[in-house]
Amino acid sequence: MLKHLAILACTLLALPALAALQVTDDRGAVVTFDRAPQRIVSLLPSLAETVCELGHCQRLVGVDRYTNWPESVKALPRVGGGLDPNIEQIVALRPDVVLMATSSRAGDRLRALGVKVVALEPKTHADVQRVMLKIGQLLEVQDAQRIWRAIDAAVMAAAQSLPAGVRGTRVYFEVNPGPYAAGESSFIGETLTRLGVKNIVPASLGPFPKLNPEYIVRANPDLIMVGERSVDGMMQRPGWHSLRAMRGQHLCVFPADESDTLVRPGPRMAEGARIMARCLASKAPSVSKGAARP
């Protein structure tokens, strides 16, 4: 009897250790928690959006200056930019964890101050799924995979909604005025591929390469996608007035809210696919009124 009690006691003592929550982040660091974090600071919009999509927006206590969705996060304290935030302000918020991009310079300083950091940086569709599941693990959400499946199915539905004539349209997607483009290997490029169109920026140039404007002139895309923040000055670039897309007005200029949706690799990726599909359905040369591909 005493032996059984001793075994039971040892088992009960071991339970807290067994219950410890461990998450391996994108740096390969293993971060251990006694319980799921209740106070979270996010330094990347897509990570904050993922926390909210998983049903735990109320755990966010601070965000970077660019996080603006969903509406409820706009009332949260802003801690500066994601790459170089205000460390003192973050510490004052007493977070259980700080979610940030691997490229952020704040990680080492926060860890030195005893703040737990989980670095996650989605760049592809597979990354978005992995980060969704990783944050689901951190928050102890059991159905994160179901949420990912819904996103993936919605991207597929957006592709299936397009007219057959859109397939093969050669697209240039400008992320910002560098000009920086979304290449084939980026999550935006992967969405374009799933929509059945051709990205003029090959995977070999990287996910978001800075291009010489002459490259785009030589590639001569059928259609251009760009945010309204970046469109000013496009026509002043040498040779751009002669682009097939410009001549035929095969240009989609996305308002700020749609642009934010498009450039964030997170739970709104499905909505981004729908936005791109609407652009293609209305502006691709094969479907534009009175326009035909030269």
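The preceding data block contains the structure.
Here the structure is a predicted model, which means the values were calculated and not measured.

J.: Help me understand the environment of Q236 in this model?
T.: Note on placement: Q236 falls in the loop between strand 10 (223–227) and helix 9 (244–247). Taking the C-alpha atoms as reference points, Q236 and I90, separated by 146 residues in sequence, lie 42 Å from one another.

J.: Please clarify how the packing of aromatic side chains should be interpreted in this entry.
T.: In this description, a pair of aromatic rings is defined by centroid distance and the angle of the planes. All chains considered together, the criterion is met by three aromatic pairs. Relative to W240, the ring of Y172 has its centre 6.1 Å away and its plane inclined at 80°; by these criteria the two rings are edge-to-face. Remark: W240 occurs in the loop between strand 10 and helix 9 and Y172 occurs in strand 7 (residues 170–176); sequence separation between them is 68 residues. Take Y172 and W240: they sit in the same class, and that class is buried. Note that K116 overlies the ring of F33, its terminal NZ or CZ placed 5.0 Å from the centroid. The ring of W240 has R237 lying over it, and the distance from NZ or CZ to the ring centre is 4.6 Å.

J.: I'm lost on the sheet that holds strand 4 (residues 60–63) in this one. Help?
T.: Think of a sheet as strands paired side by side through backbone hydrogen bonds, with each pair either parallel or antiparallel. Strand order in the open sheet made by the four strands is 4-3-5-6, with parallel pairing throughout. Each having just a single partner strand, strand 4 and strand 6 (117–119) make up the two edges of the open sheet. Recorded for the sheet is a direction-independent mean angle of 20° between the axes of neighbouring strands. As judged from the three bridges shared by strand 5 (residues 97–100) and strand 6, these two strands associate in the parallel manner. Paired with M100 across the two strands is A119, which belongs to strand 6. In the packing of helix 2 (residues 45–53) onto the sheet, contacts are made with strand 3 (40–42), strand 4 and strand 5, and the angle to strand 4 comes to roughly 160°.

J.: What am I meant to see in the packing of helix 5 (residues 125–139) against helix 6 (residues 144–160) here?
T.: Packed helices, taken two at a time, are described by the angle between their axes plus the distance between the axes. In the contact formed by helix 5 and helix 6, the axes pass within 9 Å of each other and the chain directions differ by 155°. Overall, the two elements helix 5 and helix 6 adopt an arrangement that is roughly antiparallel. Where helix 5 crosses over helix 6, the handedness of that crossing is right-handed. Side by side, helix 5 and helix 6 meet where H125, V128, Q129, M132, L133 and G136 of the first sit next to A144, Q145, I147, W148 and I151 of the second. Across the contact of helix 5 with helix 6, the residue classes break down as seven nonpolar, four polar and no charged.

J.: Is there a simple way to explain the nonpolar core in this structure?
T.: If you look at soluble globular proteins, the nonpolar side chains tend to sit buried side by side. Within the largest apolar cluster, 58 residues are counted, with the highest numbers of intra-cluster contacts made by L60, L99, I135, F173, M225 and L280. It is helix 11 (residues 269–283) that provides the largest number of residues to this core, a total of eight residues. Ignoring anything within four residues of it in the chain, the contact list for L99 reads I40, V41, S42, L43, L44, L47, V51, V118, I135 and L138.

What counts, and where the lines are drawn
Residues numbered from 1 in each chain as written. Predicted model: local features only at pLDDT ≥ 70, side-chain atom pairs only at ≥ 80, totals over all residues. Heavy atoms only, no water. Helix = DSSP H or I, 4+ residues; strand = E, 2+ residues; numbered from the N terminus. Phe/Tyr/Trp six-rings, centres within 6.5 Å; stacked < 30°, edge-to-face > 60°. Buried < 20%, exposed > 50% of the residue type's maximum accessible area, 1.4 Å probe, protein only. Lys NZ or Arg CZ within 6 Å of the ring centre and 35° of its normal. Pairing = 2+ DSSP bridges. Axes fitted to C-alpha atoms, helices over the stretch in contact; angles between N-to-C directions. Contact = heavy atoms within 4.5 Å. Parallel < 35°, antiparallel > 145°, perpendicular 65-115°, else oblique. Left-handed = near helix turned anticlockwise from the far one by under 90°. Nonpolar A, V, L, I, M, F, W, Y, C, P; charged D, E, K, R; others polar. Core = buried A, V, L, I, M, F, W, Y, C linked by side-chain atoms within 4.5 Å.

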